[in-house]
There are 2 protein chains.
Amino acid sequence: MTVASAPRPERPSPRTAFLLTQLGAHAADRFAARVAEIGLTPRDAGALRALGRSPGISQRELAGRLGTVPSRLVALVDDLENRGLVERVRSAKDRRNYELQLTDAGTALLAQLRTVADAHQDGLLKTLDDDERLVLSRLLAKVAAGAGLGPDGHPGYARDESRHD
Amino acid sequence: MTVASAPRPERPSPRTAFLLTQLGAHAADRFAARVAEIGLTPRDAGALRALGRSPGISQRELAGRLGTVPSRLVALVDDLENRGLVERVRSAKDRRNYELQLTDAGTALLAQLRTVADAHQDGLLKTLDDDERLVLSRLLAKVAAGAGLGPDGHPGYARDESRHD
DNA sequence: TATTGTTATACTCTATAACTATA
DNA sequence: TATAGTTATAGAGTATAACAATA
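Thresholds applied
- Each chain has its residues counted from 1, running along the sequence as written.
- In the order they appear in the text, chains get letters beginning with A and ligands get numbers beginning with 1.
- This being a predicted model, a pLDDT of at least 70 is required before a residue's local features are given, and a value of 80 or more before pairs of side-chain atoms are given or counted; all residues contribute to the totals for chains, interfaces and linings.
- With hydrogens and water excluded, all non-hydrogen atoms of the structure serve as input to the side-chain values.
- The helix and strand labels rest on DSSP assignments: H or I over at least four residues marks a helix, E over at least two residues marks a strand, and numbering proceeds from the N terminus.
- Any two residues having at least one pair of non-hydrogen atoms within 4.5 Å are treated as being in contact.
- Here a residue is considered near a molecule or strand provided that any single heavy atom belonging to it is located within 4 Å of it.
- Counted as a polar contact is a pair of N or O atoms within 3.5 Å, where, for protein atoms, one must be capable of donating a hydrogen and the other of accepting one, and residues adjacent in sequence contribute only when both atoms are in side chains.
- Classification used: nonpolar for Ala, Val, Leu, Ile, Met, Phe, Trp, Tyr, Cys and Pro, charged for Asp, Glu, Lys and Arg, polar for all others including Gly.
- Classification of ring pairs uses Phe, Tyr and Trp, with its six-membered ring standing for Trp, and accepts pairs whose centres are within 6.5 Å; under 30 degrees between planes counts as stacked, over 60 as edge-to-face, and the remaining range as tilted.
- Distance and angle both matter: a charge sits over a ring if NZ of Lys or CZ of Arg is within 6 Å of the ring centre and within 35 degrees of the ring normal.
- By convention in these notes, a salt bridge is any Lys or Arg side-chain nitrogen within 4 Å of a carboxyl oxygen on Asp or Glu.
- Note on exposure labels: buried denotes an accessible area under 20% of the residue type's maximum, exposed denotes more than 50%, and partly exposed covers the range between, all computed with a 1.4 Å probe on protein chains only.
- In this analysis an axis means a line fitted to C-alpha atoms, helices contributing only their contacting stretch, and an angle means the value between N-to-C directions, from 0 to 180 degrees.
- Orientation is classified from the angle alone, with under 35 degrees giving roughly parallel, over 145 giving roughly antiparallel, 65 to 115 giving roughly perpendicular, and any other angle giving oblique.

Enquirer: What is the right way to read the overall build of chain A from this model?
Expert: Secondary structure assignment for chain A yields six helices and two strands. Listed N to C, the secondary structure of chain A is α-α-α-α-β-β-α-α in terms of helices and strands. Pairs at least 24 residues apart make up 55% of the contacts formed inside chain A by residues separated by at least 6 positions.

Below, the structure is given as structure tokens:
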């Protein structure tokens, strides 16, 4: 026993994983609060983003991207449609499915959503300078890669766009 | 218009907050899977940790630390008690409340839990070397501080030990 | 009267499977 | 028969408030 009293190098603090979980939950809460101000749930937001990127997809396809089951999309799309944000257009090729489209109002709200997401990120990372943000972003991407998540977040097998910002 | 085509410096990628949320959810899932192997839910794990650190607290106190409502603790403690991990001891000073204690089995399981938590963190951060882990840990602590969470994770107003690792 | 623990009730969210209409 | 969407039902999880025992 040569080392007498090191300043606690013992366990490399299992707090980092813990912190990551806590911060993730906090970020999700904050995001939910922010999008609520423009009348959206995080899931709504995910749907709008997916439809913005991939107009015309079916409900099943959207369900897959949101990581949920098709039956749950019915009420979600009903709601978005009732609010005039999304349209259900019967596919001409295969009249069993819909081709979901953003309306003009939906597109406008998506733009607002992007602003909100930017503000959210800025608020969340306000204590970091630009360099630190970059480093954090790279480290998180590295962790995500190790976890089998794409660098953008979603897992390869079941990309889940419902777990938002 | 002097700048013609910069390589996309436009938005500083709102993906970092998004990634943080996704990784947090992923870490929570993984942790839940790991503790399930020793028969615990994340909430159980939080209760054991809290009782390890603060033996003799009441159910209300424990509820506060777990960020839940007292009524929900009844079933939780019932379960832990039935499995012989926790004891309800009537307080001699104030016979309205219990002084919750870990049993020997509970203490042993808590030790196992710590091993599991270490393995969890190691698995999660496996793509990072020691330096990177340290940097990540510091950056996350900084973000947590800005978010009003203590450096250990929990929010000052309602530290939530149920959102685990 | 106030407080701890408890129970009862209702509400939300979700998953599963049955149903329809198209193919 | 197989698939997209829908509906119905049941289950888990949670919050709220009423209740008994003790202070």
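There is more to say after this.
Enquirer: What is the right way to read the protein's contact with DNA strand C from this model?
Expert: As a structural note, the neighbourhood of DNA strand C is formed by 16 residues, with Arg72 of chain A together with Gln59, Arg60, Arg88 and Asn97 of chain B the closest of them. One nitrogen or oxygen atom from the side chain of Gln59 of chain B is found 2.9 Å from a phosphate oxygen belonging to DNA strand C. Elements that contribute at least two residues to the surface near DNA strand C include exactly α4 (70-82) of chain A together with α3 (59-66) and α4 (70-82) of chain B. Residue classes in the surface near DNA strand C are distributed as three nonpolar, five polar and eight charged.

Enquirer: What's the story with the protein's contact with DNA strand D in this structure? I'm lost.
Expert: Neighbouring DNA strand D are 16 residues; Gln59, Arg60 and Asn97 of chain A together with Arg72 and Arg95 of chain B lie closest to it. For DNA strand D, the backbone makes up 71% of the atoms found within 4 Å of the protein, where backbone means sugar plus phosphate. Take Tyr98 of chain A: an N or O atom from its main chain is 3.2 Å from a phosphate oxygen of DNA strand D. Elements supplying a minimum of two residues to the surface near DNA strand D: α3 (59-66) and α4 of chain A together with α4 of chain B. Residues that form the surface near DNA strand D fall into these classes: three nonpolar, five polar and eight charged.

Enquirer: Looking at this structure, how should I read the packing of aromatic side chains?
Expert: Aromatic ring pairs are reported here in terms of the distance separating the ring centres and the angle at which the planes meet. Taken as a whole, this structure holds zero aromatic pairs over all chains when the rule is applied. Sitting over the ring of Tyr98 of chain B, Arg90 of chain B keeps its end group 4.0 Å from the ring centre.

Enquirer: Teacher, can you tell me more about the environment of Asp104 of chain B here?
Expert: For Asp104 of chain B, the position within the fold is in helix α5 (residues 104-124). Taking the C-alpha atoms as reference points, Asp104 of chain B and Arg53 of chain B, 51 residues apart in sequence, are found 15 Å from one another.

Enquirer: So what exactly am I meant to see when it comes to the pattern of salt bridges here?
Expert: Oppositely charged side chains may form a pair once their charged atoms are brought near each other. Evaluated as defined, the whole model comprises 16 salt bridges over all chains. Across the pair Lys142 of chain B and Glu132 of chain A runs a salt bridge, and its minimum N-O distance is 2.6 Å. A residue pair is termed interchain when its members come from two chains, as with Lys142 of chain B in helix α6 (residues 130-146) and Glu132 of chain A in helix α6 (residues 130-146). Residue Lys142 of chain B is classed as partly exposed on the basis of its relative accessible area, which comes to 36%. Taking the relative accessible area as the measure of exposure, Glu132 of chain A reaches 17% and is therefore buried. With a shortest N-O distance of 2.0 Å, Asp78 of chain B and Arg88 of chain B are connected by a salt bridge. Of the two residues, Asp78 of chain B sits in helix α4 while Arg88 of chain B sits in strand β1 (residues 86-90), which places them ten residues apart along the sequence.

Enquirer: Help me understand the packing of helix α1 (residues 15-36) of chain A against α5 of chain B, please; the structure alone is not making it clear to me.
Expert: The interhelical angle for the contact between α1 of chain A and α5 of chain B, taken along N-to-C directions, is 75 degrees, at an axis separation of 8 Å. If you check the angle between α1 of chain A and α5 of chain B, you find them roughly perpendicular. Only His120, Gln121 and Leu124 of chain B of α5 of chain B make contact with α1 of chain A, whose side of the interface consists of Arg15, Thr16, Ala17 and Leu20 of chain A.

Keep in mind these values describe shape, not function.
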